[in-house]
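Remarks on the overall topology
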Amino acid sequence: MSHKLNLSCCTSALVELRSFLQLSLKTYGFSEVDRHQLILAVEEVCANLIIHSHACNPKELIYLEVKELKKKLSIEITDKGDAFNLLEYEVPDLKKVIEEKRKGGIGILLVKKIMDEIEFESKNGENTCRLIKNFPPSFEP
């Protein structure tokens, strides 16, 4: 089973993203807490792409696909913006973030803590970030 969404690169589209994910994730046996965490992780990646890679240009799109792998859920986020490799991101020192009372900068840290695997590839001007979460042990696809 697969669910797909084309998302406009404007921050107001994040409401549509959350609704899409809430519906898509219900069928996979995740707890409500896990679903909220998954939505948070995907929203963080998409918000960063919208703001930093696409400068909130609503004419540009991000493509999402939620799909079942054998014992895992894969959420593929594909775009044609400036590449940002989540795997090369250096986690900020949380003590410094707190001391400086800095807003932002820790969303990617959350994504890395929530997801079981993260894959990134960039090919022919197209970037794909694959967020992977293991199904709960009780889930039977």
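This section reports on the structure supplied with the text.

As summarised here, the arrangement of the 5 strands in space is E1-E2-E3-E5-E4, forming an open sheet in which the pairing is antiparallel. With partners counted over all chains shown, the strands left at the sheet margins are strand E1 (2–8) and strand E4 (117–123), one partner each. Strand-to-strand twist across the sheet, computed as the mean angle between neighbouring axes with direction ignored, equals 15°. As defined by bridge partners, strand E3 (residues 72–79) adjoins strand E5 (residues 126–134) across 8 bridges and the pair is classed as antiparallel. Bridge pairing in E5 places Lys72 opposite Asn134. Taken strand by strand, helix H2 (residues 32–53) contacts E1, strand E2 (61–68), E3 and E5, and its axis lies near 10° from that of E3.

On to the packing of H2 against helix H4 (residues 107–114), then. Angle between the axes and distance between the axes are the two parameters that describe a pair of packed helices. Look at H2 against H4: their axes get within 9 Å of each other, and the N-to-C directions meet at 140°. Judged on the interaxial angle alone, H4 and H2 are oblique. Crossing of H2 over H4 shows left-handed handedness. Of the residues in H4, those touching H2 at Gln37, Leu38, Leu40, Ala41, Glu44, Val45 and Asn48 are Gly107, Ile108, Leu110, Val111 and Ile114. Looking at the contact of H2 with H4 residue by residue, the classes come out as 8 nonpolar, 3 polar and 1 charged.

It helps to recall that an α-helix has 3.6 residues per turn; residues three or four apart then point in one direction. Between its first and last C-alpha, H2 extends 31 Å over 22 residues, near the 32 Å set by a 1.5 Å rise per residue. Looking only at H2, the buried set comprises Leu38, Ile39, Ala41, Val42, Glu43, Val45, Cys46, Ala47, Asn48, Leu49, Ile50 and Ser53. On its buried side, H2 packs onto E1, helix H1 (14–25), E2, E3, H4 and E5. Just downstream of H2, Ala55 is the residue with a positive phi angle, here 50°.

Moving on to the state of the cysteines. Summed over all chains, the structure comprises 0 disulfides. Looking at the unpaired Cys9, the closest cysteine sulfur is the one in Cys10, lying at 7.9 Å. Sulfur of Cys56: no disulfide; nearest cysteine sulfur belongs to Cys10 and is 7.9 Å away.

So, on to the pattern of salt bridges. Under the definition given, this model contains 6 salt bridges. Between Glu117 and Lys72 there is a salt bridge; the shortest N-O distance is 2.5 Å. Taken as a pair, Glu117 in strand E4 and Lys72 in strand E3 lie far apart in primary sequence, 45 residues in all. Judged by its relative accessible area of 26%, Glu117 falls in the partly exposed class. Residue classification places Lys72 among the partly exposed positions, given a relative accessible area of 28%. Where Arg130 meets Glu76, a salt bridge forms, and the shortest distance between an N and an O atom there is 2.9 Å. In this pair, Arg130 is assigned in strand E5 and Glu76 in strand E3, connecting sequence segments 54 residues apart. What makes Arg130 buried here is its relative accessible area of 14%. One network of salt bridges, in which partners are shared, links Lys67, Glu76, Glu119, Glu121 and Arg130.

Calculation rules
Residues numbered from 1 in each chain as written. Predicted model: local features only at pLDDT ≥ 70, side-chain atom pairs only at ≥ 80, totals over all residues. Heavy atoms only, no water. Pairing = 2+ DSSP bridges. Helix = DSSP H or I, 4+ residues; strand = E, 2+ residues; numbered from the N terminus. Axes fitted to C-alpha atoms, helices over the stretch in contact; angles between N-to-C directions. Contact = heavy atoms within 4.5 Å. Parallel < 35°, antiparallel > 145°, perpendicular 65-115°, else oblique. Left-handed = near helix turned anticlockwise from the far one by under 90°. Nonpolar A, V, L, I, M, F, W, Y, C, P; charged D, E, K, R; others polar. Expected span 1.5 Å × (residues − 1). Buried < 20%, exposed > 50% of the residue type's maximum accessible area, 1.4 Å probe, protein only. Disulfide = S-S within 2.5 Å. Salt bridge = Lys/Arg side-chain N within 4 Å of Asp/Glu carboxyl O.

None of the figures reported here should be taken as evidence of function without further support.
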